Amino acid sequence: MEHSPLETLTSCPRCGSSSPTLTQAVRDHSISKEVFQVCTCASCGFTFTNPRPTPNELGRYYESEVYISHSNTSHSLQDKIYQLVRRRAIRQKHALIAAHEPQGRVLDIGCGTGQFLAYLMSRGYLVQGVEPSTLAREQAIADHALNVVPSLEQVQSQENFQVVTMWHVLEHVPDVRATFKRLFALLGKRGLLVIAVPDRESWDAQHYGSDWAAYDVPRHLSHFRRADVHAFLAEHGFELIATRGMWMDAFYIALLSERYRGTTGLLALIKAVVVGGWSNVLALLGKRPTSSSLYLARKLEL
Ligand SMILES: [Zn+2]
């Protein structure tokens, strides 16, 4: 694959500073094999992929069977684990939302093939999705008769959702600030915002360094820490109500990272259990954040 046209951000997406940034080279292990730079702002410490493919070019970095195979067929051991974890995750996500909003309108941004929304619909929620991938979107509509649009801009702003969810989506978004503004506009009074993102301060991130699978450049454009998410929420009119660890992510990310390092078969699985397990132990002890974190926030009254 030839390198696509890149755009360079001249200021930090979090604080706007144009002060020098530290950079680290990270390879796209899963699709293009190209090397990208990940920058860390000298002022606020926010980390982002820079330069990065232009919005029009980003789509080609998603054109992989790997991304699509996750949604329907099971081939490898890794995919089987993924399917198992995902079914359990859908039930847990529903329980989490139901504890805060037992009914109402839910918007899932990056809804993929729509299993989560279909499950919520079966539990009495009114649901809508946003999914840029044509293939996934069409499957969500065909399989579950869901209302899914290609972009956030196409969601009617007067819809006043009680819940908006972004499961491992915010790290893919080219303009984090514009997205938070849009989230604020879409949510109804005291609406619930649910965001899940990887955390580069987790122990597994440190252990794997540039091979950490959750860098996933150039698809991941932002590489958050808890402090970054807290700052974005506070600046855009949201009150953080809870931060939760996502315990299974450490194992899945460790397994992918091992594969990127060339480890195969049972050994990869064993190493993933050890590394993922240790990352979780350190998180339980409060020494590190989990591999991924879940943030629950409420829209503040203006
Ligand atoms: Zn900054």
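Residues numbered from 1 in each chain as written. Predicted model: local features only at pLDDT ≥ 70, side-chain atom pairs only at ≥ 80, totals over all residues.

Chemist: Go over the sheet that holds strand 10 (residues 187–198), please, and point to the residues and values.
Modeler: Read across the open sheet, the seven strands follow the order 8-7-6-9-10-13-12; overall the sheet is mixed. In this open sheet, the two edge strands, each paired with only one partner strand, are strand 8 (148–149) and strand 12 (238–246). Both strand 7 (residues 126–130) and strand 8 contribute to a ladder of two bridges, which runs parallel. Paired with Val130 across the bridge in strand 8 is Val149. Helix 4 (residues 115–122) contacts strand 6 (105–109) and strand 7 of the sheet and is inclined by roughly 170° relative to strand 7. (Pairing = 2+ DSSP bridges. Helix = DSSP H or I, 4+ residues; strand = E, 2+ residues; numbered from the N terminus. Contact = placed C-beta atoms within 7 Å. Axes fitted to C-alpha atoms, helices over the stretch in contact; angles between N-to-C directions.)

Chemist: Quick one: what's the story with the packing of helix 9 (residues 247–260) against helix 10 (residues 265–284), residue by residue and with numbers?
Modeler: The N-to-C vectors of helix 9 and helix 10 enclose an angle of 140°; their axes lie 8 Å apart at closest approach. On the basis of their axis angle, the class for helix 9 and helix 10 is oblique. Helix 10 is crossed by helix 9, and the crossing has right-handed handedness. When helix 9 is examined against helix 10, the residues Trp247, Ala250, Phe251, Ala254, Leu255, Glu258 and Arg259 are found in contact with a partner set consisting of Ala268, Leu269, Lys271, Ala272, Val273, Val275, Gly276, Ser279 and Asn280. Considering only residue class, the contact of helix 9 with helix 10 consists of 10 nonpolar, three polar and three charged. (Parallel < 35°, antiparallel > 145°, perpendicular 65-115°, else oblique. Left-handed = near helix turned anticlockwise from the far one by under 90°. Nonpolar A, V, L, I, M, F, W, Y, C, P; charged D, E, K, R; others polar.)

Chemist: Which residues make up the nonpolar core, and what are the values?
Modeler: Counting 70 residues, the largest nonpolar core has Val164, Leu193 and Ile195 as the members making the most contacts within it. Among the elements that make up this core, the one with the highest residue count is helix 9 (eight residues). (Core = buried A, V, L, I, M, F, W, Y, C linked by C-beta atoms within 7 Å. Buried ≥ 20, exposed ≤ 12 C-beta atoms within 10 Å, placed from the backbone.)

Chemist: Can you tell me about the sheet that holds strand 11 (residues 222–223), naming the residues and giving the values?
Modeler: Spatial strand order, 2-3-4-11: four strands in an open sheet with antiparallel pairing. For this open sheet the edge positions go to strand 2 (21–27) and strand 11, each flanked by a neighbour on one side alone. Of the pairings in the sheet, the one linking strand 2 to strand 3 (residues 35–41) comprises seven bridges and is antiparallel in character. Across the sheet, Val26 pairs through a bridge with Phe36, a residue of strand 3.

Chemist: Which residues make up the pairing of strand 3, and what values do they have?
Modeler: Summarising the sheet, strand 3 and strand 4 (residues 47–49) pair through three bridges and their orientation is antiparallel. Pairing of Cys39 across the sheet is with Phe48, part of strand 4.

Chemist: Report on unusual backbone geometry, specifying residues and quantitative values.
Modeler: The peptide bond linking Asn50 to Pro51 adopts the cis configuration, its omega dihedral lying at 0°. Looking at the element boundaries, Pro51 is found in the loop between strand 4 and strand 5 (52–53). Between Val217 and Pro218 the backbone carries a cis peptide bond, its omega angle lying at -5°. Phi angles above zero are rare outside glycine, and Ala145 is one such case at about 55°. A residue is classified by how many C-beta atoms lie within 10 Å of it, and Ala145, with 10 of them, is exposed. The backbone of Arg190 shows a phi angle near 55°, a positive value even though the residue is not glycine. Mapped onto the elements, Arg190 comes out in strand 10.

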